Amino acid sequence: MDGEAQRSSASWENATLAPVDSLRSERAESPMPGLVEGTEPGAGQKSAMFVHAQSFEDLTAEGEDQRDAELDKSGECADELKVLVGEKSVEEQHNIDVTSESRTKEEDVCSEAWRSHRKHVFVLSEAGKPIYSRYGTEEALSSTMGVMMALVSVVEADKNVIRSIHADGCKVVFLTKSPLVLVGVSRTSQTDKELLRELLYIYYQIVSLLTLTQLNHIFQHKQNFDLRRLLAGSEYLTDNLLHRLDRDPGLLLSAVTCLPLASSARDVVSSGLQAAKSESLVFSILLAGDRLVTLVRKKDQFLHHIDLHLVFNLVGSSSSFREGEGWTPICLPKFNTAGFFHAHISYLEPASQLCLILVSTDREDFFNMSDCKQRFLERLSKRSAYQALKEALKCPSYSVEQVAIPELRHFLYKSKSSGLYTSPEFPEVYQSDGEQERLMGLYQDLHSSLHHPSRPLRSFYRCGESENLLAWVTSGFELYLCFSPLGTKALAVSAVNKLLKWIRKEEDRLFILSPLTY
């Protein structure tokens, strides 16, 4: 392994994740459902910000060859184990301000309430040691996890792999990512592949805290090691990620949404980040709550949606970053599983929703990153774009009434080439948490139908008592629309073109069309 990996820092020169194909520069004059990727509304005009993927299937595909190579390399760093276990815990690394005792996990695992949860997630080691449970304590579930590991081992003994068990309306999905085993138990209508995607997110969350290299060292040294010792206090990150998986459309679509902002103001903000650069700086990310304002990256370096969602989760799960300038190691597992980047995380103002994340390859670069932030702030404060940005924060979304389509209540639209999506705020009928979760469940059902592993669909119309829904996927975009139950199928189909034309007209405000690089 090279010196960079031995110092547990990410070597961006060797981790380029570039687009497979260059984006098309031509743009369609009038959007139609058959638009090819690169010309749909919201498509970037210059280059992509994210790792390019043709479809949901590409984003969730297993990179087994890459994984095997990483496992081979991890054996060369056994001398790091003492440093990992003896000197620094994950709690210290991430300034965690929420302890495991504060989690509501005291449910009796034998109770009907525990059994009634629609989705359970378990993480254990290959030795059967419990690591994480979404509900209930790991100690109380140790025998249950032992049975799960026994099932995996019995099937592996016959040189096979257990993937899922279906029984009595319940799905049990297994994901083996040595040295961890993840199990999802669900009574939802999600497919195995959808559940597998959620387990992958949990796996990457754990890797982002420790790196795959360090995980392998731990269990190579001691197979029955209790990983909860290192993850103590970080469970709330996994809890919050699971909550996002149920509620955040971005994780469902493998995409990110932007703060609606005039393109002229966004360009000024982006150029300010571009000017405040440093040799070790790889990504500059400005967030407004759960929305992306802009992202500036090192040339030829691309961020994966999963990595950005993990950054969103880290920032959104902890209030400690509001207390000052944070400096935390973070592994971006879809970029490089072998080492840590170091992120400077701070809010532009104490009461602001604007959070700046500067990702560096140098662990000793805190003061340099702090200087980059100050240079960005000085440049931004002298321009009217800062005031425009503050005004945009007062209304971080938009109403579906602006689209002016009869009976349309809500929609999700994803541009495949840019990896960005847009959706309006929830209308009055979906203001409660329960109704929002129900609507997200309906979107998940549609998504599962479009991306079914054996019989995928291009479009799907569904009538219900409370709403009618239409899903449509092309090579350029994915679209999910929710109508009142008074809407008809003909109205829904005609609404697609009207909505695409509206998005095309507003794309400068809703998407980042010209991302910048250093």
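The rules behind these values
Residues numbered from 1 in each chain as written. Predicted model: local features only at pLDDT ≥ 70, side-chain atom pairs only at ≥ 80, totals over all residues. Heavy atoms only, no water. Buried < 20%, exposed > 50% of the residue type's maximum accessible area, 1.4 Å probe, protein only. Helix = DSSP H or I, 4+ residues; strand = E, 2+ residues; numbered from the N terminus. Pairing = 2+ DSSP bridges. Axes fitted to C-alpha atoms, helices over the stretch in contact; angles between N-to-C directions. Contact = heavy atoms within 4.5 Å. Phe/Tyr/Trp six-rings, centres within 6.5 Å; stacked < 30°, edge-to-face > 60°. Lys NZ or Arg CZ within 6 Å of the ring centre and 35° of its normal.

## As for the pairing of strand S8 (residues 291–297)
Where burial is concerned, most of S8 is hidden: seven out of the seven residues are buried. When strand S7 (residues 281–288) meets S8, the two strands line up antiparallel, connected through six bridges. Considered in S8, the bridge of Ala288 is made with Arg291. In this structure, the hairpin formed by S7 and S8 is closed by a connection of two residues, where Gly289 is found at a positive phi of approximately 65°.

## A closer look at the sheet that holds S7
Strands sit in the order S8-S7-S11-S10-S9 across an open sheet of five strands; the sheet is antiparallel. Strands with a single pairing partner mark the edges of an open sheet, and in this sheet they are S8 and strand S9 (326–330). When the angles between neighbouring strand axes are averaged without regard to direction, this sheet yields 20°. Sitting on the sheet, helix H13 (residues 263–275) is in contact with S7, S8 and strand S11 (354–360), with an inclination near 40° to S8.

## Topic: the packing of aromatic side chains
Tallying each qualifying case throughout the model produces 11 aromatic pairs. Geometrically, the ring pair formed by Tyr413 and Phe477 is tilted, given 5.6 Å between the ring centres and 35° between the ring planes. Here Phe477 lies in strand S16 (residues 477–483) and Tyr413 lies in strand S12 (residues 408–415), a separation of 64 residues in the sequence. Of the residues examined, Phe477 reaches a relative accessible area of 0% and is grouped as buried. An aromatic cluster is present here, built from Phe283, Phe335 and Phe341 joined pairwise through their rings. Above the face of the Tyr347 ring, Arg322 is positioned so that its terminal group lies 4.0 Å from the ring centre. Directly above the ring of Tyr386 sits Lys390, whose terminal nitrogen or CZ lies 4.4 Å from the centroid.

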